[in-house]
Amino acid sequence: MKKSITTTKALALQGYSLAGLGIVADASALKPGQVALANESAFNNAFLSQPLTAYASGQGIAEDLQALLDYLAPQVTTARRFEYEVANDAANLAAEADDSDIRALGGVFKTITYNGQIVQSKTYSKGLTRRFDRDQLEDGSLTREEIVAFLKRRLLVGEIIRATALIRANTTEAAKTWSAAVSGAWADPDADVMAALAAISKNSPPNRLVYGRQTWARRFAALRSGDPGKAATALMAPDQLAALLNVESIRSSQEVYFSDAGTSNGIINPKHIYGFNGITGATRFDPSNLKRFVSHADGTPFQVFEQEVSSHVIDITVSHYSNIVCPDASGLLWLTIN
């Protein structure tokens, strides 16, 4: 199994840079309106804002991004330092088909020993800071809550980028053409995905699929342009297609972010389809491909700090602790649709 990749490499694999995300690496050069990587040393309880922390951890802020992140990498709450076991399909999916779970009179129940590989890890301190001028608050052009929501959204986008980069780093790309006829014949997109799923020999194969926004459109066009008998399936909703492909669910991702240059980018690469095993309510032992371990500081997933830099300049920082890992690289699916 490949090792988990670093944050910088994860961003590079997606083709993004810190500058592309609008993030300044050197906080000393930060100007009002800019965003910087938060320095852990700045997280001083003297600057903790309880009201803004409650706001950041509440409902209603970037719920679509949080849902997509939880879909890709189910959340497991843990201490800052933790252990997890690399998935062992034979143990996770075994069953007593020989009546060995029946206890004889005077006997004891069968004991199961789990021999998964133990990995030592920790959650990382992550955060962003935005500097702004006090006049922006006083003239009503900006509120503290807007800044918190803005920073939390960027943090969640970064986590999604890490999760998809882990998928690509741990599997092999397969390319398909759906946007045009090949040798006079249009593709059958659903058959392509079904064949790719069937080719996976893992005992716990992908049960979730994420379609980039271009792939969903190209699926529709290919089915409408090909065999008239397949045209009706082009109108299938994601849940109907999931039933056809025999997976738990499908998400058609439309989420985007904008670079500093104003270019729109799909948070999920628009040409990609990812397949993976995910379990709501994940634990350290289930066979899901990705897990997002999180540590709650003072019982909250996000903390907000406010610091006066000068009489007219204020820094607001949103921080959290997490680590996205790939405990089982088998069974992942990555299709690039042209």
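Residues numbered from 1 in each chain as written. Predicted model: local features only at pLDDT ≥ 70, side-chain atom pairs only at ≥ 80, totals over all residues. Heavy atoms only, no water.

Moving on, we come to the overall build of the protein chain. Regarding its fold elements, the protein chain presents nine helices and 16 strands. For the protein chain, the exposed surface amounts to about 16300 Å²; the carbon and sulfur share of it is 51%. (Helix = DSSP H or I, 4+ residues; strand = E, 2+ residues; numbered from the N terminus. Areas by Shrake-Rupley, 256 points an atom, 1.4 Å probe, with all protein chains shown as cover.)

Attention now moves to the sheet that holds strand β8 (residues 208–211). Strand pairing in a sheet relies on backbone hydrogen bonds, with the paired strands running either antiparallel or parallel. Read from one edge to the other, the open sheet built from five strands follows the order β7-β16-β12-β8-β9, with strand pairing classed as mixed. Every interior strand has two partners, whereas the edge strands, β7 (174–176) and β9 (249–252), have only one. Shown here is a sheet whose adjacent strand axes are inclined to one another by a mean of 20°, direction ignored. Relative to strand β16 (residues 333–337), β7 runs parallel, the two sharing three bridges. Within the sheet, the bridge partner assigned to Lys 176 lies in β16 and is Ile 337. Sitting on the sheet, helix α7 (residues 189–198) is in contact with β7, β8, β12 (272–276) and β16, with an inclination near 155° to β16. Helix α9 (residues 238–245) rests against β8 and β9 of the sheet, and its axis sits at about 135° to β9. (Pairing = 2+ DSSP bridges. Axes fitted to C-alpha atoms, helices over the stretch in contact; angles between N-to-C directions. Contact = heavy atoms within 4.5 Å.)

So, about the pattern of salt bridges. Applying the stated rule across the entire model yields 10 salt bridges. Among the ionic pairs, Glu 159 bridges to Lys 126, the shortest N-O distance being 2.8 Å. In this pair, Glu 159 sits in helix α6 (residues 144–169) while Lys 126 sits in strand β6 (residues 124–133), placing the two residues 33 residues apart along the sequence. Classification of Glu 159 by relative accessible area gives buried; the value is 0%. One salt bridge connects Asp 286 with Lys 291, and the closest N-O pair in it is separated by 3.4 Å. Judged on exposure class, the residue Asp 286 and its partner Lys 291 are both buried. Residues joined by salt bridges that share partners form a network here, namely Lys 126, Glu 159, Arg 162 and Arg 292. (Salt bridge = Lys/Arg side-chain N within 4 Å of Asp/Glu carboxyl O. Buried < 20%, exposed > 50% of the residue type's maximum accessible area, 1.4 Å probe, protein only.)

Right, let's get into unusual backbone geometry. In the Ramachandran plot, Ala 62 falls in the positive-phi region, its phi being about 50° despite a non-glycine side chain. Inspection of the secondary structure assignment puts Ala 62 in the loop between α2 (50–56) and α3 (63–72). The phi dihedral of Asn 246 falls on the positive side, at around 65°, and the residue is not glycine. Inspection of the secondary structure puts Asn 246 in the loop between α9 and β9.

Let us now look at α7. Considered for burial, the residues of α7 that qualify are Pro 189, Asp 190, Asp 192, Val 193, Ala 196 and Leu 197. Taken down its axis, α7 places every buried residue within 160° of arc, on the same side. (Arc of directions from axis to C-beta.)

Burial runs high along β12: five of the five residues are buried. Side chains of β12 alternate between two faces, with His 272, Tyr 274 and Phe 276 and Ile 273 and Gly 275 buried alike.

What follows deals with the side chain of Ser 288. Looking at where Ser 288 falls in the secondary structure, it is placed in the loop between β12 and β13 (291–295). On the accessibility criterion, Ser 288 (0% relative accessible area) is buried. Among the polar contacts listed, one links the side chain of Ser 288 to the side chain of Lys 291, at a separation of 3.3 Å. When near neighbours in sequence (up to four residues on either side) are disregarded, Ser 288 contacts Asn 277, Gly 278, Ile 279, Ala 282, Pro 327 and Asp 328. (Polar contact = N/O pair within 3.5 Å; in protein donor to acceptor, adjacent residues only side chain to side chain.)

What follows deals with the nonpolar core. With 43 residues, the main nonpolar core has Leu 72, Ile 160, Phe 276 and Ile 316 as its most contacted residues. Only α2, α3, β6, α6, β12 and β15 (313–325) provide two or more residues apiece to this core. Among the elements that make up this core, the one with the highest residue count is α6 (11 residues). Counting residues in hydrophobic clusters, the runner-up holds 19 residues, among them Val 193, Leu 241, Ile 273 and Leu 333. (Core = buried A, V, L, I, M, F, W, Y, C linked by side-chain atoms within 4.5 Å.)

Running from amino to carboxyl end, α3 crosses α6 at an angle of 25°, the nearest separation of the two axes being 10 Å. The pairing of α3 with α6 is recorded here as roughly parallel in orientation. Crossing angle aside, the handedness with which α3 passes α6 is left-handed. Taking contact as the criterion, the partners of Leu 65, Gln 66, Leu 68, Leu 69 and Leu 72 in α3 are, on α6, Arg 153, Leu 156, Val 157, Glu 159, Ile 160, Ala 163, Thr 164 and Ile 167. (Parallel < 35°, antiparallel > 145°, perpendicular 65-115°, else oblique. Left-handed = near helix turned anticlockwise from the far one by under 90°.)

Here the focus is the environment of Arg 218. Following the sequence through the fold, Arg 218 ends up in helix α8 (residues 213–225). Look at Arg 218 and you get partly exposed, because its relative accessible area is 21%. Sequence separation between Arg 218 and Ala 180 is 38 residues, and the spatial gap between their C-alpha atoms is 9.0 Å. Residues in contact with Arg 218, not counting those within four places in the same chain, are Trp 178, Ser 179, Lys 271, Ile 337 and Asn 338.

Chain-level pLDDT for the protein chain is 84 on average; 82% of the residues reach the 70-or-more range. In this model residues 1–16 is a low-confidence stretch, pLDDT under 50, and it forms 37 contacts with partners more than four residues away in sequence or in other chains. (pLDDT = per-residue confidence, 0-100.)

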